[in-house]
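Inside the fold
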Amino acid sequence: VTYRESLELMQESAGLILIDADCDLSVFLPSKLVEYIGARRPILGITPQGTSRRLIQELGGWTAPPAAPQAVAAALREFMQKLPIGLPWGKPEVRQCFSTARVTAELERMVEELVCRHRDCPDNGGRNISDRKTGGCLPKSHLMRPNNSD
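Residues numbered from 1 in each chain as written. Predicted model: local features only at pLDDT ≥ 70, side-chain atom pairs only at ≥ 80, totals over all residues. Heavy atoms only, no water.

What follows covers the overall build of the protein. Scanning the protein from N- to C-terminus turns up 6 helices and 5 strands. Helices and strands appear in the protein in the N-to-C order α-β-α-β-α-β-α-α-α-β-β. Each of the 150 residues in the protein was classed as buried or not, and the buried ones make up 32%. Accessible surface, the protein: about 9900 Å² in total, of which carbon and sulfur atoms supply 55%. (Helix = DSSP H or I, 4+ residues; strand = E, 2+ residues; numbered from the N terminus. Buried < 20%, exposed > 50% of the residue type's maximum accessible area, 1.4 Å probe, protein only. Areas by Shrake-Rupley, 256 points an atom, 1.4 Å probe, with all protein chains shown as cover.)

Below, the discussion takes up the pattern of salt bridges. Inspection of the entire model under this criterion finds 4 salt bridges. The partner of E113 in a salt bridge is R109, with the nearest N and O atoms 2.8 Å apart. One end of the pair, E113, and the other, R109, are both in helix α6 (residues 100–117), 4 residues apart, so they sit about a helical turn from each other. A residue is classified by how much of its surface remains accessible, and R109, at 25% relative accessible area, is partly exposed. Where salt bridges share partners, they join E106, R109 and E113 into one cluster. (Salt bridge = Lys/Arg side-chain N within 4 Å of Asp/Glu carboxyl O.)

A cluster of nonpolar residues, I17, I19, L76 and M80, forms a patch on the protein surface that exposes about 380 Å² of accessible area. Looking at the nonpolar patch, the elements with two or more residues in it are β1 (16–19) and α4 (69–81). Inspection of the secondary structure assignment puts I19 in strand β1. (Patch = residues over 30% accessible without salt bridge, like charges linked within 9 Å, V, L, I, M, F, W, Y side chains within 5 Å.)

Attention now goes to the environment of G86. By the secondary structure assignment, G86 is in the loop between α4 and α5 (92–96). Overall, the relative accessible area of 40% leaves G86 in the partly exposed class. Separated by 72 residues in the primary sequence, G86 and A14 have C-alpha atoms spaced 9.0 Å apart.

Here the structure, examined in full by the defined rule, presents 1 aromatic pair. Taken together, a centroid distance of 5.2 Å and an interplanar angle of 75° make the contact between W62 and F79 edge-to-face. Of this pair, W62 sits in strand β3 (residues 62–64) while F79 sits in helix α4, and the two are 17 residues apart along the sequence. Overall, W62 belongs to the buried group, its relative accessible area being 12%. Classification of F79 as buried rests on a relative accessible area of 3%. (Phe/Tyr/Trp six-rings, centres within 6.5 Å; stacked < 30°, edge-to-face > 60°.)

For the rest of this paragraph, the subject is helix α2 (residues 31–39). Among all positions of α2, only L33, E35, Y36, I37 and A39 are buried. Looking at the packing, one finds that the buried side of α2 touches α1 (3–12), β1, β2 (43–46), α3 (51–59) and α5. Just downstream of α2, R40 is the residue with a positive phi angle, here 60°. (Contact = heavy atoms within 4.5 Å.)

And the structure:
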């Protein structure tokens, strides 16, 4: 199955299950979970305390710790019984945090901040960055945009 096909299958699924390794506290956010959020399908997380579990719960999903088979069975039963019909699933305000536009804007802001920190930028507060060709500053709207003049 290609990556694109796997995304399509996620969107066609009644629900999705994320299984994390058993540990005391997981500090990881698997990219698979972000893809699940994008698929807008219900999520069951068999995951320890940590980022993934908290995010799934904030979305309105089901969770259980991997080391607790009875809790996993109970969460799976409830997940199967309460699968909602139709799209989209999950709290929109939580899903929005992982939208392409939001993530791109945040990456742009971070790159801009880093560049301004390491260059002589007369207007750090206005979020301008130095232009390597002219030595001047470009407004934020010019960041991360293709340069068709080259």
